[in-house]
Amino acid sequence: MTAILELLSGLCLFLGGVLCVTGGVGLLRMPDFFARVHASGVTETLAAPLLLIGLLLQMELSLDSVKVIMIMILVLATNPTATHAMAKATLHGGQRPLVFDNDQDAGGEGSSKP
Amino acid sequence: MLTAAIVAILVTMLLALIRTFLGPTEYDRMLAANSFGTKTVLLIALAGYALSWNSFLDVALLYALLNFVGTIAVMRFFEYRNAPEERDDPESAV
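Rules used throughout
Residues numbered from 1 in each chain as written. Chains lettered and ligands numbered in written order. Predicted model: local features only at pLDDT ≥ 70, side-chain atom pairs only at ≥ 80, totals over all residues. Helix = DSSP H or I, 4+ residues; strand = E, 2+ residues; numbered from the N terminus. Buried ≥ 20, exposed ≤ 12 C-beta atoms within 10 Å, placed from the backbone. Contact = placed C-beta atoms within 7 Å. Core = buried A, V, L, I, M, F, W, Y, C linked by C-beta atoms within 7 Å. Axes fitted to C-alpha atoms, helices over the stretch in contact; angles between N-to-C directions. Parallel < 35°, antiparallel > 145°, perpendicular 65-115°, else oblique. Nonpolar A, V, L, I, M, F, W, Y, C, P; charged D, E, K, R; others polar. Expected span 1.5 Å × (residues − 1).

K.L.:
Help me get a handle on the overall build of chain A, residues and values and all.
P.N.:
For chain A, the helix and strand inventory stands at three helices and two strands. When the helices and strands of chain A are placed in sequence order, the string is α-α-α-β-β. By residue count, 33% of the 114 residues in chain A fall in the buried class. Residue pairs in contact within chain A that sit at least 24 positions apart in sequence constitute 59% of those at least 6 positions apart.

K.L.:
For unusual backbone geometry, give the residues involved together with the corresponding values.
P.N.:
Even without glycine at this site, Ser-52 of chain B takes up a positive phi of about 50°. You can see Ser-52 of chain B is positioned in the loop between helix H2 (26–50) and helix H3 (56–79).

K.L.:
Tell me about the nonpolar core, residues and numbers included.
P.N.:
Across soluble globular proteins, nonpolar side chains have a tendency to be buried as a group. By size, the foremost hydrophobic cluster in this structure holds 46 residues, and its most contacted members are Leu-51, Leu-52, Ile-71 and Met-86 of chain A together with Ile-9, Ala-45 and Leu-46 of chain B. Of all elements in the fold, only helix H1 (2–29), helix H2 (33–58) and helix H3 (63–92) of chain A together with helix H1 (2–22), H2 and H3 of chain B reach the threshold of two or more residues within this core. Beyond its immediate stretch of four places on either side in the chain, Leu-52 of chain A contacts Val-68, Ile-71 and Met-72 of chain A together with Ala-45 of chain B.

K.L.:
I'd like to hear about the packing of H2 of chain B against H3 of chain B, residue by residue, with values.
P.N.:
All names here are of chain B. Where H2 meets H3, the axes come as close as 8 Å, and the angle between the chain directions of the two elements is 175°. Of the possible angle classes, the one that applies to H2 and H3 is roughly antiparallel. Counted together, Glu-26, Tyr-27, Met-30, Asn-34, Gly-37, Thr-38, Thr-40, Val-41, Ile-44, Ala-45 and Gly-48 of H2 and Phe-56, Leu-57, Val-59, Ala-60, Tyr-63, Ala-64, Asn-67, Thr-71, Val-74, Met-75 and Phe-78 of H3 form the full contact between these two elements. When grouped by side-chain class, the residues that make up the contact of H2 with H3 number 14 nonpolar, seven polar and one charged.

K.L.:
Describe in detail H1 of chain B, supporting the description with residues and values.
P.N.:
Between its terminal C-alpha atoms H1 of chain B stretches 30 Å, which fits the 30 Å expected from 21 residues at 1.5 Å a residue. All of the buried residues in H1 of chain B are Ala-5, Ile-6, Ala-8, Ile-9, Thr-12, Met-13, Leu-15, Ala-16 and Arg-19 of chain B. Elements in contact with the buried residues of H1 of chain B: H1 and H2 of chain A together with H2 of chain B.

K.L.:
I'd like a rundown of the interface of chain B and chain A, residues and numbers included.
P.N.:
With 38 residues of chain B at the contact, the number on the chain A side is 41 residues. Ranked by the residues each element gives to the side of chain B that touches chain A, the list is headed by H2 of chain B, at 13 residues. Looking at the side of chain B that touches chain A, its residues break down into 28 nonpolar, seven polar and three charged.

K.L.:
Account for the packing of H2 of chain A against H2 of chain B, with residues named and values stated.
P.N.:
It is the contact of H2 of chain A with H2 of chain B, at a shortest axis distance of 11 Å, that shows an interaxial angle of 10°. When the interaxial angle is binned, H2 of chain A and H2 of chain B end up roughly parallel. Only Tyr-27, Asp-28, Leu-31, Ser-35, Thr-38, Leu-42, Ala-45, Leu-46 and Tyr-49 of chain B of H2 of chain B make contact with H2 of chain A, whose side of the interface consists of Phe-33, Arg-36, Val-37, Ser-40, Glu-44, Ala-48, Leu-51, Leu-52 and Leu-55 of chain A. The residue inventory of the contact of H2 of chain A with H2 of chain B, partitioned by class, reads twelve nonpolar, three polar and three charged.

Next comes the structure, spelled out in structure tokens:
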């Protein structure tokens, strides 16, 4: 039983770490603010609960487990809200997403959506 | 595996920090700062367990709350900075 829990915890921590680094690379390498919001927000929403579940499976059941679950619920509730507010603020601030038109000649020219 | 996860979080924090310094607009900087804050919560939770600190989860919980409130506050500030005339004006409406 303990070995199974250890294995599950290691799997969750590994997947969470990989997703974490993926989000960081996307945050650094994406061409546009909205693509960066996507990369950061989507991966964080899955990476944070995975890492916290991995932690939860390692520690013995106590009040600390409840606190970890509370952190998980809080991150799950607030993180998408924060990224949504950020994208909305950016749209109101006058920035437009970068779109590529495939119908035009493939010059890789970015144009602003009207 | 706990150590590997902590190292992954640290690498991600470094990447977010690079984007914070590099970011062309203030929105990019704020997004990277928010991502950095979330990673800090995870780092406190994991490293506190690995190093057996006392009451680290309370600190992580508080940091998550403060991170969200700070991000929302700064974004409200940025959102209406460019167009103050679009705000509803009660004096002119009456």
